[in-house]
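# Coordinates in review
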Amino acid sequence: MSRIRKIGDQIQRDLSKIIQQEVKDPRVGMVTVNDVKVSTDLSYAEVYFTCMAFGPQADEEAQGKVRSEQQKVLNNAAGFMRTRLAQGLALRVIPMLRFHYDAVIDSGSKVSALIDRAVTEDTVRAKASEEEE
């Protein structure tokens, strides 16, 4: 594993703890850090996160608003988190943090739902054709 990847993994672990334990803004909610991609010169780190949506936030439009608000809050708190990272990492340069919502999981669940629906429709069609014969 490359040095950059190891640094990214360590930043991911540390950021998860910092967000969970030290970021006090209630708008952040339940955030999971999925991946951290660090530039080769350590100047910045792209942080990909997802969040849990509960209750009235369950529809698409409300979730989009919550995600953009969370991304804004996390990017505003990036300086604080970078300072906290510097205390735990033995690096000369601590990367600037840029937070992005990771839509891959949402896309995956949509594709999975489409596959399930297609399989169900196939099963219904197969039963219907058997009954006709």
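A brief structural summary. (Residues numbered from 1 in each chain as written. Predicted model: local features only at pLDDT ≥ 70, side-chain atom pairs only at ≥ 80, totals over all residues. Heavy atoms only, no water.)

## Quick notes on the packing of aromatic side chains
Inspection of every chain in the model, using the stated rule, returns 1 aromatic pair. Relative to Tyr-101, the ring of Phe-49 lies with its centre 5.7 Å away and its plane at 85 degrees, an arrangement referred to as edge-to-face. Linking Phe-49 in strand β2 (residues 44-51) with Tyr-101 in strand β3 (residues 96-101), this pair joins segments that are 52 residues apart in sequence. In this structure Phe-49 comes out as buried when scored by relative accessible area, which is 0%. (Phe/Tyr/Trp six-rings, centres within 6.5 Å; stacked < 30°, edge-to-face > 60°. Helix = DSSP H or I, 4+ residues; strand = E, 2+ residues; numbered from the N terminus. Buried < 20%, exposed > 50% of the residue type's maximum accessible area, 1.4 Å probe, protein only.)

## Describing the pairing of strand β1 (residues 31-38)
Note: β1 against β2, 7 bridges, orientation antiparallel. Bridging across to β2, Val-36 finds its partner in Val-47. Between the end of β1 and the start of β2, which pair antiparallel, lie 5 residues, with Leu-42 showing a positive phi angle near 60 degrees. (Pairing = 2+ DSSP bridges.)

## Here we look at the environment of Ile-19
Tracing the backbone shows Ile-19 in helix α1 (residues 3-21). Between the alpha carbons of Ile-19 and Met-81 there is a distance of 8.0 Å; along the sequence they are 62 residues apart. Residues in contact with Ile-19, not counting those within four places in the same chain, are Val-28, Val-31, Val-33, Leu-74, Met-81 and Phe-99. (Contact = heavy atoms within 4.5 Å.)

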